[in-house]
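Examination of the molecular architecture
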Amino acid sequence: MVTSRVRWFVSAVCMCAALQVVYLSSKSSPAQVIPILLLVGVVLVTENLAFQLPIAGSVSLSFAAAFAAMLHSGPIAAVVVAIAASTNLSEIRSGKPLSIHLFNVGQLVLSIGLAGTAYLALGGRALVSGAAALSDIMLPATAAALTFYIANVILVSIGASLLMQRRFLQTVQSLGFFSFGSSLVVLALLGVLVAYLLSFQSWFGLLLLVLPFASARRTFRVYVELTEAYSSTVRSLVTAIEAKDPYTRGHSERVAKYAQAIAEHMGLSQSDVQVLERAALLHDVGKIGISLDTLVSPEELSEDEMRAIRRHPVLGADLVTDVDFLHDIVDVVRCHHERCDGGGYPDGILGEDIPLLARILAAADSFDAMTSDRAYRPGMPFDQAIGELRRVAGKQLDERVVAGFVKVLSDDARVVRAS
Amino acid sequence: MPYLLSLILVGGVVVGWVLGHVERPPFDILYVLGLTLSFAIGRMLSIQLPQGDRVQVTLMVGVVGLMLRGADELLIAFLVACMIDVAYRYLQGGAHAARQGTLDSIRSIAVIALMSFVQSYVNPASVRAPEGDGPLLSVLVVGAVFVAVDVLTLAVQQWLAGGAPIAEGIVLLLRPLGSVYMVHIAMAAVAIRVHPSLGSWGLGTALLLTLILQNSFNLYLRIRRGYAQTIEALAHAAELDRPDDTGHARRVADLAVSVGRQMGLTSDELEKVGYAALLHDIGRIGYEQPEADIEHPDRGAEIVAGIPFLEGVGPLIRHHRTAHEGDAPRGAMVVGVCCRYDRLRKTHGSRGALDILLADERGYRRTVVDVVARTVSIDGSRLVPAKSVS
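Residue positions are given per chain, counting from 1 as you read along its sequence in written order. Each chain is given a letter, starting from A, and each ligand a number, starting from 1, according to the order in which they appear as written. Reporting of local features is limited, given that this is a predicted model, to residues whose pLDDT is at least 70; pairs of side-chain atoms are given and counted only at 80 or more, and all residues count toward the totals for whole chains, interfaces and linings.

This part covers the overall build of chain A. Counting its regular elements, chain A contains 20 helices and 0 strands. In this scheme the burial state of a residue depends on its C-beta neighbours within 10 Å: 20 or more other such atoms mean buried, 12 or fewer mean exposed, and anything in between means partly exposed; the C-beta positions come from the backbone. Across the 419 residues in chain A, those meeting the buried criterion constitute 44%. By definition, residue pairs are in contact when their C-beta atoms, positioned from the backbone, come within 7 Å. In chain A, once contacts between residues fewer than 6 apart in sequence are set aside, the share between residues at least 24 apart is 70%. Numbering of helices and strands runs from the N terminus; a helix is a DSSP stretch of H or I covering at least four residues, while a strand is a stretch of E covering at least two.

Moving on: the overall build of chain B. Within chain B one finds 14 helices and 2 strands. The long-range share in chain B, meaning contacts at least 24 apart out of those at least 6 apart in sequence, stands at 68%.

Okay, the interface of chain B and chain A next. Counting residues at the interface gives 47 residues for chain B and 48 residues for chain A. Element by element, the count of residues in the side of chain B that touches chain A is highest for helix H7 (residues 166-238) of chain B, at 35 residues. Note that Gly is not counted as nonpolar here; it falls among the polar residues with everything else outside the nonpolar set of Ala, Val, Leu, Ile, Met, Phe, Trp, Tyr, Cys and Pro and the charged set of Asp, Glu, Lys and Arg. Taken together, the residues of the side of chain B that touches chain A break down into 31 nonpolar, 12 polar and 4 charged.

End to end, helix H2 (residues 29-44) of chain B covers 22 Å across 16 residues, agreeing with the expected 22 Å (1.5 Å per residue, within 8%). Taken together, the buried positions of H2 of chain B are occupied by Leu 35, Thr 36, Ser 38, Phe 39, Ala 40, Gly 42 and Arg 43 of chain B. Multiply 1.5 Å by the residue count of a helix minus one, and that product is the helix's expected span.

Let us now look at the confidence of the model for chain B. All names here are of chain B. pLDDT: the predictor's confidence for each residue, scored from 0 to 100. Confidence in the prediction of chain B, expressed as mean pLDDT, is 80, and 84% of residues score 70 or more. For residues 379-390, every residue scores under 50 in pLDDT, and the model assigns this stretch 23 contacts once sequence neighbours within four places are set aside. Two summary scores accompany this predicted model of the complex, namely pTM at 0.79 and ipTM at 0.77.

Our focus in this paragraph is helix H10 (residues 203-242) of chain A. In this model, H10 of chain A (40 residues) spans 58 Å end to end at C-alpha, consistent with the 58 Å of a helix rising 1.5 Å per residue. The sharpest bend along H10 of chain A measures roughly 40° and falls at Tyr 230 of chain A. The quantity called bend is, for any residue, the angle between two axes fitted respectively to the seven residues ending at it and the seven beginning at it.

So, on to the environment of Ile 150 of chain A. Residue and element names in this part refer to chain A. Considering the arrangement of structural elements, one finds Ile 150 in helix H7 (residues 134-164). Judged by the 16 C-beta atoms lying within 10 Å of it, Ile 150 falls in the partly exposed class. Distance from Ile 150 to Asp 365, taken between C-alpha atoms, is 47 Å for residues 215 residues apart in sequence.

Residues and elements named next belong to chain A. For helices, the fitted line uses only the C-alpha atoms of the stretch in contact; every axis is such a line through C-alpha atoms, and the angle between N-to-C directions lies from 0 to 180 degrees. In contact at an axis separation of 10 Å, helix H17 (residues 356-371) and helix H18 (residues 382-392) are set at 140° when each is read in the N-to-C sense. By the angle class used here, H17 and H18 are oblique. H18 is crossed by H17, and the crossing has right-handed handedness. Taking contact as the criterion, the partners of Ala 363, Phe 367, Met 370 and Thr 371 in H17 are, on H18, Phe 382, Ala 385, Glu 388 and Leu 389. When the residues that make up the contact of H17 with H18 are grouped by side-chain class, the tally is 6 nonpolar, 1 polar and 1 charged. Between 65 and 115 degrees an angle is taken as roughly perpendicular, under 35 as roughly parallel, over 145 as roughly antiparallel, and anywhere else as oblique. Handedness of each helix crossing follows the sense of rotation of the near helix against the far helix: counterclockwise by less than a right angle gives left-handed, clockwise gives right-handed.

A few words on the packing of helix H1 (residues 4-25) of chain A against helix H4 (residues 75-86) of chain A. All names here are of chain A. The N-to-C vectors of H1 and H4 enclose an angle of 145°; their axes lie 9 Å apart at closest approach. On H4, the residues touching Val 21, Leu 24 and Ser 25 of H1 are Pro 75, Ile 76 and Val 79. Among the residues making up the contact of H1 with H4, the classes are represented as 5 nonpolar, 1 polar and no charged.

Note on soluble globular proteins: their nonpolar side chains tend to be buried together. By convention in this section, buried Ala, Val, Leu, Ile, Met, Phe, Trp, Tyr and Cys residues joined through C-beta atoms within 7 Å make up a nonpolar core. Membership of the largest hydrophobic core comes to 227 residues, with the highest contact counts inside it found for Val 81 of chain A together with Cys 338 of chain B. Residue contributions to this core peak at 32 residues, all from H7 of chain B. The residues contacting Cys 338 of chain B, other than those within four sequence positions of it, are Val 252, Leu 255, Ala 256, Val 259, Ala 277 and Val 372 of chain B.

All names here are of chain A. Going from Tyr 345 to Pro 346, the amide bond is cis rather than trans, its omega being 5°. Note on placement: Pro 346 falls in the loop between helix H16 (330-334) and H17. We note that Gln 201 has phi near 55°; this positive angle belongs to a residue other than glycine. For Gln 201, the position within the fold is in the loop between helix H9 (177-199) and H10.

What follows is about the environment of Gly 312 of chain B. When you line up the elements, Gly 312 of chain B lands in the loop between helix H11 (296-305) and helix H12 (313-319). For Gly 312 of chain B, a count of 15 C-beta atoms within 10 Å gives the class partly exposed.

Pasting the structure below:
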């Protein structure tokens, strides 16, 4: 939300950035036009194609270009490249408030300007004014990259915490600045290579450096898309497979929602939540082999039928065991019918021996089983089912999980509506 | 047999080594150590191909080492790195992995040594201290030859180990690895260009960037593999409630990919054929009544329509039963005929099934039947390598 505090902050950043530029232009070194134009062209293309480096975080390639411009032609050139980089057409079209655009430009110019000041202060000089050995620019360049990092982290965190009205430290943690830092190191190194190739006027070399990045960019984008679509892919296929039993239709999807909500409430890591979501979607995949009559039978099951049903966690685990991607869910699927008092199947293991994710899945699974209609009985109302959860806590289900689940169910209307 | 071939290669190599190197720069232990480390890191970050094999690409280090210093130190460094790599694999995967690693190391050493022949044709001095961009071209040429030798020997090695024929093996390797090789060659050229000014820092930076870029391709290959395995597992799961059908989708997929390849479908089409065959019955689940059966391809197509990874597979599923010449993708007809063959085979046997299909089918589908007949009679038990869906 753009409050007046945000506007004040943005104005201050832009003012500082402008002062910085004025200061730097008094110390400018002779510049060549072609390298700067080249770098501007590169960032315009990459920014508008939303380049993502194949490492964590989404730092764009433009830092490398701005850094190269600083090393090659001095800080003012870097500022020019940074401005070009932050005028991103698709961003502007996206209809965000003007102050956010101003902030993006201002903080980038200020950060890169401070970096340039540090570079000059420590005796670094532009490569364009004569070839320099790496040892001459090593210290100033390192300091410049560090300055950029610190300035950027502080400015972005303040901006984000004002905008989202959260505490500063919380924002710093949530923005993942560690992976940002490691990307920055790589991009700075890339910038050094670009700067030297520019100073040799090695256009062919530059082309050879840019081409791999362009091709990796495409691959990496597809990778990100496929990664994001993985869970929904599993969901559509599982939904299709579940279609055979009218009474369990949608069951896995609902269980996945409950389980995810519990895990998030219990503060599990992002990757654990993802594993749990996949496990929940696939937890009954071994049930397909059980004949329809057994599954929907209102009568008492025979021993054979019972054995068949009890086999489904193992069968399900076996089905996914060959999928590298689902390696982590095998145990979760296998143990989702274990009970904390050891009375579950297939292995009859106890309490803490059951993986935590499987205990969460078990709670979500029983709750959905209780609240949905079956051939032989209608579904239980929510309140009654919550009471039932409480009753079996510590015996069938894990106490801590149930406590979290009950809290989620009573707090979070979203989860309830999901059913 | 692979050992024999390796021995011959290594023999050829030693001769090449002796004949090949032009001048010998003074031995530099730090350089060799750095090179060893680079090779070892590169080899540990192996790339897993869709077929399941792991390959190591250390081309960039090889080209740079070759061009800057010649083959002597490179071979020593590589040998040590290979030992580290084999030990690492032994710890990770036991004797089998170590054996694979040894075989592959011998091959790679042979490749590097063979390359010293090529290196003697370029002017090393001009490459070591490049004035302009000219020498970059010779780096690219050496890199390209390097790739050619590497891929060829790799394909031969896989063929000897029971893999695809050499020509097909080369295609299967170059398709996923082409971009990785390109990255390596280009970055080798950049490293050599900046080397006079940046020294080992420049080489290290270029290597780091190469490995990061390579990793993005590796991630991409890994997620595609993950999708392929997931779809296969779910296709298998979908058959569990029809014991008569168990394995039907897998068999149809193997047969359809093999037949499609012989009918000249592109590798993109083949991939779609494979997935369409695996999932062609997915719309049947939950609708066992005969009258609903006619619509199952439509339902199946709708199910996969929302899945980005399966773009273009839907139409093949939709048309696999009804497709005739002109009105449907070729892949749909391949899947359709293979599906019919597999079902008829169950009741009528191979011969009987083929007779029915030969009498029934017309046009393009009839041609498919001929290829099916040929494929089945060539190799009745094992139609195609089990991991044909890439």
